[in-house]
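Descriptive structure summary
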Amino acid sequence: MTATSEPDGRIPPALRTEALEQLLTERGLIDPKAIDKIVTTYETSVGPLNGAKVVARAWTDPQYRQRLLEDGTAAIKELGFSGSQGEHIVVMENTATTHNVVVCTLCSCYPWPVLGLPPSWYKDPAYRSRMVSEPRTVLAEMGLELADDVQITVRDSTSEVRWLVLPERPAGTEHLTEEELVPLVSRDAMVGVAKVAAP
Amino acid sequence: MGGTRGWGRLHPPRGDEPVFAEAWQGRAFALFLLSVRVSGQNIDASRHAQERLDAAAYLDDGYYGRWLNTAELMLTESGIVAPGAINARARNLSGDDVAEPPAPEPARPDYAPAGPGSLRTVTTAPAFAVGERVRTRNISPPGHTRLPRYLRGHAGVVDLIQPAAVLPDTNAHFQGENPQYVYSVRFDSREVWGAGAEPFAVTAELFETYLERAS
């Protein structure tokens, strides 16, 4: 046992990551710059701001909203968003009486082009296991209490189809422009574990 | 994990969570993506590799540690990295002096995708129609499948017909793409969890061969 080992004898993943990067780089199998590029892309340009722009457009442009609900992938691409884990995106609308919420029980499938990489709670075994068996309880624990007459549909992402929730536009935002609406749209509302709150 | 117990409570999401809490996590994520290509494998094989990690490799290193451990499994099985090579290098990086195993003979799978991504065009018509009642097969294949355990042997209704796509069950094992339609099937919670379940519906995207007509 060395100083590098954790109490159970496991080598910290940070050190193992560095080791793998070295092993592949020194044999010319990867370019560290490609790693930098992927990290920067997902830290800066691919994230929930993309989805918020899609939602704000749909809230302010009825024709865009219709296209988005009919062919999510194409309508999202109109705004310039596509790529890995966004091959086929279906958009479902949440209303006062119907509520969609997205999960991946098998791994952590998530619509990267519009939401970026999934947050920690989405990857939590508790979320992955319980959202398909007691969604109302899980949503309440996460801070979203739904009325008894709201019909919940849980979307378990088991194939390459990816789901994006079009949240309900909050009352009192009728005077806001598309640009002013964008910052209101949260990642959590686009997965279906929250509603968009009025400012 | 669908329906399993013992994982605890959820908590209200934090709004300020960084994409990668620690720098190594971003690099592990990127190394995973690159390793799929370097190992000559595919996304379905990578998910199957992840499913075959032992409990410690799956859970104890956190989410991005899981991706790192999956990359290691794919790279060792494709003969790109020797078993134990990552740990040996990690020990040497921290000041140990241990022998590192030599690079093995590459043994990438004899495999090439028929096209980019997973969507494919098929010439047949969908076997099931929207609104039709279907039942999932009660199967327990030894390899990879995307038919969740909690939905096996249950009846539901076809909600949407999704585009045809590569069948993960064979593609993960480099045994052909078998492209086929995918159906979003809607299940009533009481069909899946019994009469005492919360009232709700759950949908899943199921490949045509997972389904049969419900009588």
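Residues numbered from 1 in each chain as written. Chains lettered and ligands numbered in written order. Predicted model: local features only at pLDDT ≥ 70, side-chain atom pairs only at ≥ 80, totals over all residues.

What follows deals with the overall build of chain B. Helix and strand content of chain B: seven helices and five strands. Going residue by residue from the N terminus, the α and β elements of chain B occur as α-α-α-α-α-β-β-α-β-α-β-β. Seen through its principal axes, chain B has C-alpha atoms that stretch 65 × 45 × 30 Å. Counting over 215 residues, chain B shows a buried share of 40%. The long-range share in chain B, meaning contacts at least 24 apart out of those at least 6 apart in sequence, stands at 62%. (Helix = DSSP H or I, 4+ residues; strand = E, 2+ residues; numbered from the N terminus. Buried ≥ 20, exposed ≤ 12 C-beta atoms within 10 Å, placed from the backbone. Contact = placed C-beta atoms within 7 Å.)

Counting its regular elements, chain A contains eleven helices and four strands. For chain A, the spread of C-alpha atoms along the three principal axes comes to 60 × 35 × 30 Å. Looking at the 199 residues of chain A, the share that counts as buried comes to 49%. The contacts of chain A with a sequence gap of at least 6 include a subset with a gap of at least 24, amounting to 70%.

The next thing to look at is the interface of chain A and chain B. Counting from both sides, the interface comprises 64 residues of chain A and, opposite them, 65 residues of chain B. Among the secondary structure elements, those contributing two or more residues to the side of chain A that touches chain B are helix H1 (13-26), helix H2 (32-45), helix H7 (120-123), helix H8 (125-130), helix H9 (135-141) and strand S3 (151-156) of chain A. The element contributing the most residues to the side of chain A that touches chain B is H1(A), with twelve residues. Split into classes, the residues belonging to the side of chain A that touches chain B amount to 32 nonpolar, 15 polar and 17 charged. Pairing between S3(A) and strand S4 (residues 201-207) of chain B: four bridges, direction parallel. Counterpart to Thr153(A) in the pairing with S4(B) is Ala201(B). (Nonpolar A, V, L, I, M, F, W, Y, C, P; charged D, E, K, R; others polar. Pairing = 2+ DSSP bridges.)

What follows deals with the domain arrangement of chain B. Residue and element names in this part refer to chain B. Domain boundaries in chain B define domain 1 (1-108) and domain 2 (133-213). The interface of domain 1 with domain 2 comprises eight residues on the first partner and eight residues on the second. Each residue belonging to the side of domain 1 that touches domain 2 can be placed in one class, and the counts come to one nonpolar, four polar and three charged. (Domains from an automatic or database assignment.)

Below, the discussion takes up helix H2 (residues 43-51) of chain B. Among all positions in H2(B), only Asp44(B), Ala45(B), Ser46(B), His48(B), Ala49(B) and Gln50(B) are buried. In this structure, the buried residues of H2(B) make contact with helix H1 (23-38), helix H4 (62-77) and helix H6 (168-171) of chain B.

Mapped onto the elements, Arg146(B) comes out in the loop between strand S1 (133-136) and strand S2 (155-165). Since 23 C-beta atoms lie within 10 Å of it, Arg146(B) is described here as buried. For the pair Arg146(B) and Asp169(B), spaced 23 residues apart in sequence, the C-alpha separation works out to 7.2 Å. Residue contacts for Arg146(B): discarding those within four places in its chain leaves Leu106(A), Thr158(A), Ser159(A), Pro168(B) and Phe207(B).

A few words on the packing of H1(A) against helix H5 (residues 85-93) of chain B. Axis separation between H1(A) and H5(B) bottoms out at 8 Å; the angle between their running directions is 110°. On the basis of their axis angle, the class for H1(A) and H5(B) is roughly perpendicular. Residue-level inspection shows Leu15(A), Arg16(A), Glu18(A), Ala19(A), Leu20(A), Gln22(A) and Leu23(A) of H1(A) in contact with H5(B), the latter providing Ala85(B), Ile86(B), Asn87(B), Arg89(B), Ala90(B) and Leu93(B). Taken together, the residues that form the contact of H1(A) with H5(B) break down as eight nonpolar, two polar and three charged. (Axes fitted to C-alpha atoms, helices over the stretch in contact; angles between N-to-C directions. Parallel < 35°, antiparallel > 145°, perpendicular 65-115°, else oblique.)

Moving on: unusual backbone geometry. Look at Gln85(A): it is not a glycine, yet its phi comes out positive at around 65°. Take Gln85(A): it is sitting in the loop between helix H5 (72-78) and strand S1 (88-93). Owing to 19 C-beta atoms within 10 Å, Gln85(A) belongs among the partly exposed residues under this scheme. Of note, Asn178(B) is a non-glycine position whose phi angle comes to about 40°, a positive value. Tracing the sequence through the fold places Asn178(B) in the loop between H6 and strand S3 (180-188).

What follows covers the nonpolar core. Counting 104 residues, the largest nonpolar core has Val55(A), Val101(A), Val165(A), Val185(A), Leu31(B) and Leu206(B) as its most contacted members. The biggest single contributor to this core is H1(B), with eight residues. Residue contacts for Val101(A): discarding those within four places in its chain leaves Met131(A), Pro135(A), Leu139(A), Ile152(A), Val154(A), Arg155(A), Val191(A), Gly192(A) and Val193(A). (Core = buried A, V, L, I, M, F, W, Y, C linked by C-beta atoms within 7 Å.)

It is worth spelling out the pairing of S2(B) at this point. Regular strands show a simple pattern: their side chains alternate between the two faces of the sheet. Residue and element names in this part refer to chain B. Note that S1 and S2 share three bridges and pair antiparallel. Paired with valine 134 across the strands is glycine 156, a residue of S2. Relative to S3, S2 is paired through six bridges, and the arrangement is antiparallel. By the bridge assignment, alanine 165 is partnered in S3 with glutamine 180.

Moving on: the sheet that holds strand S2 (residues 98-103) of chain A. A sheet is described by the order of its strands in space; here seven strands give the open sequence S2(A)-S3(A)-S4(B)-S3(B)-S2(B)-S1(B)-S5(B), paired in mixed fashion. Two strands close off the open sheet at either side, each with one partner strand: S2 of chain A together with strand S5 (211-213) of chain B. The average undirected angle you get between the axes of adjacent strands in this sheet is 35°.

This part takes up the domain arrangement of chain A. Here chain A is described as being made up of domain 1 (13-44) and domain 2 (47-191). For domain 1 of chain A versus domain 2 of chain A, the separation of C-alpha centres amounts to 31 Å.

Position of Ala103(B) among the secondary structure elements: in the loop between H5 and S1. On the neighbour-count criterion, Ala103(B) (15 C-beta atoms within 10 Å) is partly exposed. Ala103(B) sits 23 residues away from Ile80(B) along the chain, and the two C-alpha atoms are 6.9 Å apart. Residues contacting Ala103(B), with those up to four places away along its chain left out, are Arg27(A) and Ala82(B).

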